[in-house]
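As a plain string of letters, each chain reads:
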Amino acid sequence: MNILLLSPGYPGEMPSFTRGLADVGAHVFGVGDQHPGALPAAVRQRLAGYLQVRSLWDEAAVVEAVRQWPEARRIDKVECLWEPGMLLAARLREGLGVDGLGVAQTLPFRDKERMKQVLDAAGLRTPKHVRCTTSAQCWDAAEQIGFPIIIKPIAGAGSADTYRVESEDELRAVLPRLGHVPEVSVEEFVDGSEFTFDTVCVEGEVAYFNVAWYRPRPLVARSNEWVSPQVIALRHVDQPALAGGVKLGHDVIRALGFRSGFTHMEWYLKADGEVVFGEIGARPPGAHQVDQMNYACDFDVFREWGRAVAWGRFDVDIQRKYNVSTIYKRAHGQGQIQRIVGLDRIRRLHGEHIVWDNLLPIGASRRNWRNTLVSDGFLMLRHPELRTLVDISDDIGENLQMFAG
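Structural notes, computed from the coordinates. As the structure is a computational prediction, the values presented were derived from the model and not from experiment. Residue numbers here run from 1 along each chain, matching the order of that chain's written sequence. Side-chain atom pairs in this predicted model are given and counted only at pLDDT of 80 or more, local residue features only at pLDDT of at least 70, and totals for whole chains, interfaces and linings cover all residues. Values reported for side chains reflect all heavy atoms of the structure, with hydrogen atoms and water molecules removed beforehand.

**Focus on the sheet that holds strand 2 (residues 27-32)**
In sheet architecture, strand pairing relies on hydrogen bonds along the backbone and comes in two forms, parallel and antiparallel.
And then number 1: DSSP bridges decide pairing: two strands pair if at least two such bridges lie between them. Numbering of helices and strands runs from the N terminus, with a helix taken as a DSSP run of H or I at least four residues long and a strand as a DSSP run of E at least two residues long. The strand order across the open sheet built from four strands is 3-2-1-4, with neighbouring strands paired in parallel fashion. Here the strands that pair on one side only, and so sit at the sheet edges, are strand 3 (47-52) and strand 4 (77-79). Ignoring strand direction, the axes of neighbouring strands in this sheet form an average angle of 25 degrees.
And then number 2: Taken together, the three bridges between strand 1 (residues 2-6) and strand 4 define a ladder with parallel strand orientation. For isoleucine 3, the partnering residue across the bridge sits in strand 4 and is lysine 77. To obtain an axis, a line is fitted to C-alpha atoms, over the contacting stretch when the element is a helix, and the angle between two such axes runs from 0 to 180 degrees between their N-to-C directions.

Laid out in structure tokens, this is it:
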């Protein structure tokens with residue numbers, strides 16, 4: 001099986017997916033805008049070929065360059081696990097005449113309004129929503145839906161350029177910040193807890209799924225620098241409280257006609273038990289959440305994803321052993337990391353449960369917390385009991401402090 005993989009070396013999780021394909025015997029041909037010498041060594045070792053293009057975002061030029069590439073005649077499938085490259089992957093499939101989601105099938109995963117329209121037609125509960133391209137349309141949508149509302153980019157990923165708006169005054173303040181966004185979705189604000197439904201599918205069937213709990217909701221975490229966001233992959237995904245969201249996830253996959261690979265859906269659970277769709281991407285979650293799945297079940301999700309897309313199989317007997325929490329930290333101050341307070345105590349008390357210490361070291365430069373959930377690093381831990389895991393996670397969130405200057 002010869003698989004063309006877009007951007008095999010970037011972002012950070014892509015080398016693991018490259019490895020996953022190679023580990024199951026696929027021949028991986030990379031296409032990216034990185035110089036071959038800039039690819040991680042682990043990627044270079046696993047590629048059967050690599051085509052450097054000037055820019056991945058000039059889709060017509062990339063499709064033409066790939067079609068002229070001699071190796072393209074050998075390609076059986078095209079895969080992409082990075083949100084901005086989804087439509088390019090679809091155009092390459094059509095240009096090369098290979099199986100997989102084409103442009104029409106991919107658009108609902110990239111266009112949040114089209115996505116919800118498809119699901120509305122299938123009778124699934126989505127937030128009230130309106131596509132807007134002007135400030136005037138946003139005002140009309142706000143009047144139609146009623147405050148509070150959410151405004152988010154039509155083709156966005158994560159919570160970037162996403163705002164909760166409570167009043168006319170807040171809308172008046174937010175609209176100028178969205179001047180660089182060509183289209184937005186104005187939506188009903190759904191008050192509830194937020195979860196994920198992440199899957200690896202094989203020919204339209206869910207072979208494996210993961211449910212993660214956001215603490216707090218991403219929009220809150222994105223809006224407040226002092227928050228230490230948590231994502232918890234849940235062990236007991238069959239509990240009654242999650243049943244509606246799990247069913248919704250299966251229904252969404254079916255309605256959108258997804259075939260094989262990773263999906264990442266977000267959904268809301270209201271206090272009255274109602275389940276509401278959020279959004280879905282035809283890709284894995286970021287911020288090392290796939291690694292969480294590895295630690296939750298003790299199997300290599302990257303490899304089994306590779307087996308699913310290359311050979312149409314998922315060969316693991318899934319045993320959910322742990323809840324897994326990632327606590328992302330943001331340093332106080334700007335500049336370089338100067339001190340980390342509380343880490344020795346946390347290691348002493350909870351070290352047996354910590355599976356990954358990814359905190360930036362002393363002397364490293366702070367990251368822009370608005371641009372990455374990973375922020376200034378994280379601790380990942382696991383425990384079979386959710387209440388214990390939550391208590392440890394909160395201890396880390398409150399008492400581990402990083403300082404920059």
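**A short note on the layout of surface pockets**
And then number 1: A 1.4 Å probe that fits into a set of points on a 1 Å grid over the protein atoms alone but cannot get out defines a cavity; an open set with protein on both sides within 12 Å along at least five of seven lines defines a pocket, and lining residues are those with an atom within 4 Å of a point. Grid points are joined across faces, edges and corners, and a volume is the space filled by probe spheres set on the points. Estimates place the volume of the second largest pocket at around 380 Å³.
And then number 2: Every residue lining the second largest pocket is counted, 15 residues in all, and those nearest its centre are Thr162, Tyr163, Arg164, Arg177 and Ser223.
And then number 3: Of all the elements in the fold, those that place two or more residues in the lining of the second largest pocket are strand 7 (163-165), helix 8 (168-174) and helix 9 (218-223).
And then number 4: Three categories are distinguished: nonpolar for Ala, Val, Leu, Ile, Met, Phe, Trp, Tyr, Cys and Pro, charged for Asp, Glu, Lys and Arg, and polar for the others, with Gly belonging to the last. For the lining of the second largest pocket, the class distribution of residues is five nonpolar, three polar and seven charged.

**Points about the pairing of strand 13 (residues 261-270)**
And then number 1: Residue exposure (1.4 Å probe, protein chains only): buried if accessible area is under 20% of the type maximum, exposed if over 50%, otherwise partly exposed. Most of strand 13 is tucked away, with nine of its ten residues classed as buried.
And then number 2: Bridge count for strand 9 (residues 192-202) against strand 13 is ten bridges, and the pairing is antiparallel. Residue serine 193 lies in a different strand from strand 13, and its bridge partner there is leucine 269.
And then number 3: Two strands pair when backbone bridges link them, and strand 13 and strand 14 (residues 275-281) are joined in this way by six bridges, in the antiparallel orientation. Across the sheet, leucine 269 pairs through a bridge with valine 275, a residue of strand 14.

**Notes on the packing of aromatic side chains**
And then number 1: The aromatic pairing rule takes the rings of Phe, Tyr and Trp, using the six-membered ring of Trp, and pairs them if the centres are within 6.5 Å, calling planes under 30 degrees apart stacked, those over 60 edge-to-face and the rest tilted. Throughout the structure, instances matching the rule amount to 15 aromatic pairs.
And then number 2: Here the aromatic rings of tryptophan 356 and phenylalanine 378 are separated by 5.0 Å at their centres, their planes lie at 80 degrees, and the arrangement is edge-to-face. With tryptophan 356 in strand 17 (residues 354-357) and phenylalanine 378 in strand 18 (residues 378-383), this residue pair connects regions lying 22 residues apart in the sequence.
And then number 3: Judged by relative accessible area, phenylalanine 378 falls into the buried class, the value being 0%.
And then number 4: By the ring-pair criterion, three or more aromatic residues cluster together here, those being Phe17, Phe262, Phe302 and Trp305.
And then number 5: Over the aromatic face of phenylalanine 403 sits the side chain of arginine 339, whose NZ or CZ is 4.3 Å from the ring centroid.
And then number 6: As a reminder, the over-ring test applies to NZ of lysine and CZ of arginine, requiring each to be within 6 Å of the ring centre and within 35 degrees of the ring normal. Positioned above the aromatic ring of tyrosine 322 is the side chain of arginine 382, whose terminal nitrogen or guanidinium carbon lies 4.0 Å from the ring centre.

**So, empty space enclosed by the protein**
And then number 1: Within the structure shown, the criterion is met by three cavities of 30 Å³ or more.
And then number 2: When its volume is computed, the largest cavity comes out at roughly 270 Å³.
And then number 3: Lining the largest cavity are 22 residues, and of these Glu79, Arg93, Leu101, Phe258 and Ser260 sit closest to its centre.
And then number 4: Going through the elements one at a time, strand 4, helix 4 (86-96) and strand 13 are the ones with two or more residues in the lining of the largest cavity.
And then number 5: Tallied by class, the residues present in the lining of the largest cavity amount to eleven nonpolar, four polar and seven charged.
And then number 6: Of the voids in this model, the second largest cavity is the one considered here, and its volume is about 40 Å³.
And then number 7: Looking at the lining of the second largest cavity residue by residue, the class counts come to five nonpolar, no polar and four charged.

**Points about helix 1 (residues 14-23)**
And then number 1: Counting buried positions along helix 1 gives seven out of ten residues, so the element sits mostly inside the fold.
And then number 2: Those residues of helix 1 lying buried are Met14, Pro15, Phe17, Thr18, Arg19, Gly20 and Leu21.
And then number 3: At the exit of helix 1 stands glycine 25, carrying a positive phi of roughly 95 degrees.

**Considerations on the nonpolar core**
Within soluble globular proteins, side chains that are nonpolar generally end up buried alongside one another.
And then number 1: In this structure, Val211, Val252, Trp267 and Ile280 are the most contacted members of the largest nonpolar core, which totals 44 residues.
And then number 2: Dropping the residues within four chain positions of it, valine 211 is found in contact with Phe195, Thr196, Phe197, Ile232, Ala233, Leu234, Val237, Leu242, Val246 and Trp267. Nonpolar cores are built from buried Ala, Val, Leu, Ile, Met, Phe, Trp, Tyr and Cys residues. Side-chain atoms within 4.5 Å join them into one set. In what follows, residue pairs with any heavy atoms lying within 4.5 Å of each other are defined as contacts.

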